[in-house]
Amino acid sequence: MADAGADLPEPSTGQEAPATGADLARTALGRARAAAAAKGLRPGRAGQGGRGGGATRAEERARRTGASARSGAWPDARDPQTLESTLGRLVGERGWEQPVAVGGAFGRWDAVVGPELAGHCAPETLKDGTLVVRAESTAWATQVRLLTSVLVRRLDEELGHGVVTKVVVRGPQGPSWRKGNRSAPGGRGPRDTYG
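Residues numbered from 1 in each chain as written. Predicted model: local features only at pLDDT ≥ 70, side-chain atom pairs only at ≥ 80, totals over all residues. Heavy atoms only, no water.

## Focus on a nonpolar patch on the surface
Selection criterion: Residues qualify for a patch when their relative accessible area is over 30% and they have no salt bridge, like charges being joined within 9 Å and the nonpolar side chains of Val, Leu, Ile, Met, Phe, Trp and Tyr within 5 Å. For the area figures, the Shrake-Rupley method with a 1.4 Å probe applies, and any residue is considered shielded solely by the protein chains shown. We count a salt bridge whenever a side-chain nitrogen from Lys or Arg sits within 4 Å of a carboxyl oxygen from Asp or Glu. By definition, any uninterrupted DSSP run of H or I lasting at least four residues is a helix, any uninterrupted run of E lasting at least two residues is a strand, and each is numbered from the N terminus.
Among the surface-exposed residues, Leu83, Leu87, Leu90, Trp96 and Val100 lie close enough to one another that they form a single nonpolar patch of about 470 Å² accessible area. Element by element, the count of residues in the nonpolar patch is highest for helix H3 (residues 83-94), at three residues. Relative to the helices and strands, Leu83 is located in helix H3.

## Let's talk about the sheet that holds strand S5 (residues 166-170)
Operational definition: Following DSSP output, two strands are said to pair if at least two bridges run between them. Fitted lines through C-alpha atoms serve as axes, helices being fitted only where they are in contact, and the angles separating the N-to-C directions of these axes extend from 0 to 180 degrees.
Read from one edge to the other, the open sheet built from three strands follows the order S3-S4-S5, with strand pairing classed as mixed. In this open sheet, the two edge strands, each paired with only one partner strand, are strand S3 (121-127) and S5. Taking the axes of each pair of neighbouring strands and ignoring which way they run, one obtains an average angle of 25° across the sheet. Sheet topology places S3 next to strand S4 (residues 130-135); six bridges connect them, and they run antiparallel.

## Looking at the nonpolar core
The condition is simple: In this text, buried Ala, Val, Leu, Ile, Met, Phe, Trp, Tyr and Cys residues form a nonpolar core when linked through side-chain atoms within 4.5 Å. Only protein chains enter the area calculation, which uses a 1.4 Å probe; residues under 20% of their type maximum are buried, those over 50% are exposed, and those in between are partly exposed. We call two residues contacting when some pair of their heavy atoms lies within 4.5 Å.
One finds Trp109, Val133, Leu155, Val164 and Val167 to be the most contacted residues of the largest nonpolar core, which totals 21 residues. Of all elements in the fold, only helix H4 (97-107), helix H5 (109-113), helix H6 (115-118), S4, helix H7 (138-146), helix H8 (148-159) and S5 reach the threshold of two or more residues within this core. Ranked by the residues each element gives to this core, the list is headed by H8, at four residues. The residues contacting Leu155, other than those within four sequence positions of it, are Trp109, Val112, Leu131, Gly160 and Val164.

## Quick word on unusual backbone geometry
Positive phi values are uncommon outside glycine, yet Asp128 reaches one of about 55°. Position of Asp128 relative to the elements: it lies in the loop between S3 and S4.

## Here we look at the side chain of Asp156
To keep things clear, this is the line we draw: In this tally, Asp and Glu contribute negative charge and Lys and Arg positive charge; neither His nor the terminal groups of the chain are included.
With respect to the helices, strands and loops of the structure, Asp156 is situated in helix H8. For the buried Asp156, which has no salt bridge, the nearest side chain bearing the opposite charge is Arg153, at an N-O separation of 8.4 Å. Those residues in contact with Asp156 that lie beyond four places of it in its chain are His161, Gly162, Val163 and Val164.

## Looking at H8
The line we're drawing: Residue count minus one, scaled by 1.5 Å, sets the expected span of a helix. To obtain the arc, one takes the directions from the helix axis to the C-beta atoms.
Along its 12 residues, H8 runs 16 Å from first to last C-alpha, staying within 8% of the 16 Å computed at 1.5 Å per residue. Turning to H8, its buried residues number three or more, namely Leu151, Val152, Leu155, Asp156 and Leu159. Down the axis of H8, the sector holding all buried residues measures 140°, keeping them to one side. More than 90 degrees from the buried face of H8, the exposed residues found are Ser149 and Glu157.

## Details of the confidence of the model for the chain
Basically, it comes down to this: As a per-residue quantity, pLDDT reports the predictor's confidence and falls between 0 and 100.
In this model, the chain carries an average pLDDT of 77, and 69% of its residues clear a pLDDT of 70 or more. Confidence drops under a pLDDT of 50 for residues 47-52, and excluding neighbours within four residues, the segment shows five contacts in the predicted structure.

## A closer look at the environment of Thr165
Position of Thr165 among the secondary structure elements: in the loop between H8 and S5. Residue Thr165 is classed as exposed on the basis of its relative accessible area of 55%. Note: C-alpha distance between Thr165 and Asp128 (37 residues apart in sequence) is 8.6 Å. Leaving out residues up to four positions away in the same chain, Thr165 has contacts with Asp128 and Gly129.

Given below as structure tokens:
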């Protein structure tokens, strides 16, 4: 074992400078180590309460900070986490619950509205509580317009109350003849170029 008094300042002969705070601290530390060595304790080590020996510096640091070098018998934050719990925590921290729920409802559209209705219409956008649904024909657009109250109720069950407040149903969209960013206003498409 190292000499407990090794850190004590050597008494000098002749004129001594007044002791500073650091010198006083070193002297007090040396005395405390000497007293601990006299009791059979190891200086610089914390006692383990009757188990013999002292804690290593890493164990002592882990005890003070609340972390340990390895995981215990029960799951905690240091253990490998599932992707589901990690993504759930990320979504909660970022406040993405509603957009994720809307994306999930769009992805499971056939389960939300039923397979027959989902086969003839699809959601396009949801912005400020207004859901835009595109139908494959004008007959199905009319049918979906008649079912908007049922559709809003089903979406309230799925997404939460008030997420969808209005449903706009659009029929099929014809092809667009506009090509590029330079098109003549009021043009009638390709037929105005024919002689």
